[in-house]
Amino acid sequence: MFVEFIVPTKIITGVDAIFRLPYELELRDVKKPILLTDQGILSAGIYDLVKQAFDEYKFDLQVVYSDIPLETSVDSVKEAYRLFISENCDAIIALGGGSVIDTGKALRMMVSEGTDDLIALSGADNITKKGVTFVAIPTTAGTGSEVTGVAVIFDKLSNSKIAFASDFLIPDVAVLDPELTVSMPKKLTAASGMDALSHAIEAYIGIQSNEISKALAFRSTKLIFDNLINAIMDGKDRNARFNMLMASPMAGMAFSNSMVGIVHSLAHAAGAVLHIPHGVAISLFLLAGLKENLDRSKGDFSELLNAVRCDFLGSEDERAEEFLNAVSDLLKEVRCLSGLPSGLLEVGYKPEFEGRIIELALTDGSSIFSKVELTEEVARRMIKASL
Amino acid sequence: MCKLIKSKVLVLKILLDVFEKALVFLFLDDAEFKKMLLKADVDCFTIRVLKTDFLVNVTIKRDGLFVDKSKSKCELEIIFKDLCTAFKTFSGLISLEEAFAQKGVILKGSIAKALTVTRAIKRLQTLVFPDIWIKRVLKNFKGTSMPEKLVFYKFYYYYLKNLGR
């Protein structure tokens, strides 16, 4: 057994956590940050909430780049880089979902390496400097991107998603304020919640799972099972929002160190082919992927059941099955309440897409860390089970 | 395992030699291995150990695979962070997947292409290590077939015949 575990992010979470942001910038001697966000955040008034926190301070929060698309691209990162350089900025604040935070990570890479050739920096542990201060303010609860060292950027030229992984991508500070998530629509709450759940479970059962990641993943699983339904039913339930905001980075820290598995491989592939949001794709493949893992992860599933139904007694096999039943029940309820699709056919899947999805899944980095070998046969079975 | 790293260095040199020769041999002799490497769509890849002279530079062409010691830049570089992880991987004590999972590897270039090369190397490990040795580290390993066993013997015959070349 060998464990390398890193959690360098300062996490500030709670009601009004956003008001601590000026202090954190001051502490790091930041004078002129660039704020990255998207149009959805601007129109939902979330940017105004953040700006309020700066009202009485001397920070210059004038440099804002808000043209980040739902699926961030090399072009948007380059535009943000040009703005960062021309405005002489000295820090990055990413306010938004996974796409915005990934843009922040990619921008930080370009700034620290002093290059606008982003593609040349792709790969794992391929960056040599940490670079400027980077603050992530997630407005969804699920990606865990605020504590992870992974970024995925779409490259229009090659029509593919380019992955970057490095400890130097992990944000310095994550500010998690439930107030910033109360306006999140039901469907997005559900999709991002399922994403967090998949991070927790796949980190728990992967080949690089360890005692630290298991502790985080276990508690995260419990928080999601206890709070996701409430967060969907009543978006203004700040307690549920807060708990989901806690669950997300906990699962994020777990998977950033122990990685994810075949659920993510298929979800990444289907997401690219069908152009569906990542959380939606995850929700479609979660159960099928976990079932593929059943034989090799009975002990882990049996342990995870304690986070969900601690009163269930039975053999390891029965407990593992029961855990999958619990996930299935949660999925059904989440779909019923939020309108998340219940099968691939609902999101435009056609049989002719199967080959391309399998091809992409087999070259997806996540499959390396799964106990189950992702073969064409396994991928085909997962697609069939998720129709 | 790595306490006696100096003696392991000599073993690692031998293991790298086996690895290099296996790459060349299997590319010619094992259709599946060749198909897997060509699927990676890389002209050249390097496997090396950080800050050392341990290096395997591989150029892939449709008609053959060439190993050279020149440190020319490749589009894909798989770099072990330490000798110990490299030793464990080349001796079949852990798979390359595990080396990645343990964060023992730096990767320069496309992760998707590296994954395809990793699968090919896994195939190589399947063919050049005895079943009893490699079944501990490879996922879902069901044992090699008779034709694959034949490749194993043919490779070691080829290796011993070309020893020192």
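Residues numbered from 1 in each chain as written. Chains lettered and ligands numbered in written order. Predicted model: local features only at pLDDT ≥ 70, side-chain atom pairs only at ≥ 80, totals over all residues.

Chemist: Honestly, the overall build of chain A in this entry has me stumped. Any pointers?
Modeler: When helices and strands are tallied, chain A shows 14 helices and nine strands. Along the first, second and third principal axes, the C-alpha atoms of chain A reach 60 × 45 × 45 Å. Looking at chain A as a whole, 56% of its 387 residues qualify as buried. Of the contacts made within chain A by residues no fewer than 6 positions apart, 78% connect residues no fewer than 24 positions apart. (Helix = DSSP H or I, 4+ residues; strand = E, 2+ residues; numbered from the N terminus. Buried ≥ 20, exposed ≤ 12 C-beta atoms within 10 Å, placed from the backbone. Contact = placed C-beta atoms within 7 Å.)

Chemist: Would you mind going over the overall build of chain B with me for this structure?
Modeler: Looking only at helices and strands, chain B has seven helices and five strands in total. Walking chain B from its N terminus toward its C terminus, one meets helices and strands in the order α-α-β-β-β-β-α-α-β-α-α-α. Radius of gyration (C-alpha) of chain B: 15 Å, near the 15 Å computed for a compact globule of 165 residues. In terms of overall dimensions, chain B has a C-alpha envelope of 40 × 35 × 35 Å along the principal axes. (Rg over C-alpha atoms; globule rule 2.2 N^0.38 Å.)

Chemist: What exactly am I supposed to notice about unusual backbone geometry here?
Modeler: Backbone phi values are negative for most residues with the exception of glycine, while trans is the configuration of most peptide bonds. Phi angles above zero are rare outside glycine, and Asp125(A) is one such case at about 55°. At Lys103(B), a residue that is not glycine, the phi angle is positive and equals roughly 60°. Within the secondary structure layout, Lys103(B) lies in the loop between helix H4 (96–101) and strand S5 (105–108).

Chemist: Would you mind going over the sheet that holds strand S1 (residues 44–49) of chain B with me for this structure?
Modeler: Within a sheet, each strand pairs with its neighbour through backbone hydrogen bonds, oriented either parallel or antiparallel. Judged by pairing direction, the sheet is mixed, and its eight strands sit side by side in the order S7(A)-S8(A)-S5(A)-S5(B)-S4(B)-S1(B)-S2(B)-S3(B) without closing on themselves. Edge positions in the sheet fall to strand S7 (150–155) of chain A together with strand S3 (64–68) of chain B, since each has one partner strand and no second. Pairing of S1(B) with strand S2 (residues 55–61) of chain B, which is carried by five bridges, proceeds in the antiparallel orientation. Bridged to Thr46(B) within S2(B) is Asn57(B). Across the sheet, helix H5 (residues 111–128) of chain B lies against strand S5 (123–124) and strand S8 (160–165) of chain A together with S1, strand S4 (76–80) and S5 of chain B, angled at about 70° from S4(B), the strand it touches most. (Pairing = 2+ DSSP bridges. Axes fitted to C-alpha atoms, helices over the stretch in contact; angles between N-to-C directions.)

Chemist: Help me understand the confidence of the model for chain B, please; the structure alone is not making it clear to me.
Modeler: Where the model shows low pLDDT, its predicted coordinates should not be examined in detail. All names here are of chain B. Chain-level pLDDT for chain B is 84 on average; 93% of the residues reach the 70-or-more range. Across chain B, element-level confidence peaks in S4 with a mean pLDDT of 91 and bottoms out in S3 with 79. Scored by ipTM, the complex comes to 0.80, with pTM at 0.91. (pLDDT = per-residue confidence, 0-100.)

Chemist: Is there a simple way to think about the sheet that holds strand S9 (residues 173–176) of chain A in this case?
Modeler: All names here are of chain A. Read from one edge to the other, the open sheet built from six strands follows the order S1-S9-S6-S4-S2-S3, with strand pairing classed as parallel. Looking at which strands have only one partner, the edges of the open sheet turn out to be strand S1 (10–13) and strand S3 (64–65). Where strand S2 (residues 33–36) and strand S4 (residues 91–96) come together, four bridges link them in parallel fashion. Note on S4: the bridge partner recorded for leucine 36 is alanine 94. Along the sheet, helix H5 (residues 98–113) contacts S2, S4 and strand S6 (133–138); its crossing angle with S4, the most-contacted strand, is approximately 165°.

Chemist: Looking at this structure, how should I read the interface of chain B and chain A?
Modeler: You'll often see interface size given as the accessible area lost when the parts meet. Contacts between chain B and chain A engage 19 residues on the former and 17 residues on the latter. Of all the secondary-structure elements, those providing two or more residues to the side of chain B that touches chain A are H4, S5 and H5 of chain B. Broken down by element, the side of chain B that touches chain A gets its largest block of residues, five residues, from H5(B). Looking at the side of chain B that touches chain A residue by residue, the classes come out as eight nonpolar, six polar and five charged. (Nonpolar A, V, L, I, M, F, W, Y, C, P; charged D, E, K, R; others polar.)

Chemist: Is there a simple way to explain the packing of helix H6 (residues 186–205) of chain A against helix H8 (residues 238–258) of chain A in this structure?
Modeler: A pair of packed helices is captured by two measures, namely the crossing angle of their axes and the spacing between those axes. Residue and element names in this part refer to chain A. Contact geometry of H6 with H8 gives a least axis separation of 8 Å together with a crossing angle of 40°. Put simply, H6 runs oblique to H8. Considering how the two elements wind past one another, H6 and H8 form a crossing that is left-handed. In this structure, H6 uses Gly193, Ala196, His199, Ala200, Glu202 and Ala203 to contact H8, whose residues at the interface are Met244, Ala247, Ser248, Ala251, Gly252, Ala254, Phe255 and Ser258. Partitioned by chemical class, the residues of the contact of H6 with H8 number eight nonpolar, five polar and one charged. (Parallel < 35°, antiparallel > 145°, perpendicular 65-115°, else oblique. Left-handed = near helix turned anticlockwise from the far one by under 90°.)

Chemist: Help me out: how do you make sense of the nonpolar core in this one?
Modeler: Side chains of a nonpolar character, in soluble globular proteins, are inclined to be buried together. The biggest cluster of nonpolar side chains holds 176 residues, and the ones touching the most others in it are Leu36(A), Leu95(A), Ala200(A), Leu266(A) and Phe285(A). Excluding residues within four positions of it along the chain, Phe285(A) makes contact with Val263(A), Leu266(A), Ala267(A), Met382(A) and Ser386(A). (Core = buried A, V, L, I, M, F, W, Y, C linked by C-beta atoms within 7 Å.)

Chemist: Please clarify how the domain arrangement of chain A should be interpreted in this entry.
Modeler: Residues and elements named next belong to chain A. By domain assignment, chain A separates into domain 1 (10–180) and domain 2 (184–385). The C-alpha centroid of domain 2 is placed 26 Å from the C-alpha centroid of domain 1. Opposite the 22 residues of domain 1 that make contact, domain 2 presents 25 residues. For the side of domain 1 that touches domain 2, the secondary-structure elements that each account for two or more residues are S1, S8 and S9. Of the residues assigned to the side of domain 1 that touches domain 2, the class counts are nine nonpolar, eleven polar and two charged. (Domains from an automatic or database assignment.)

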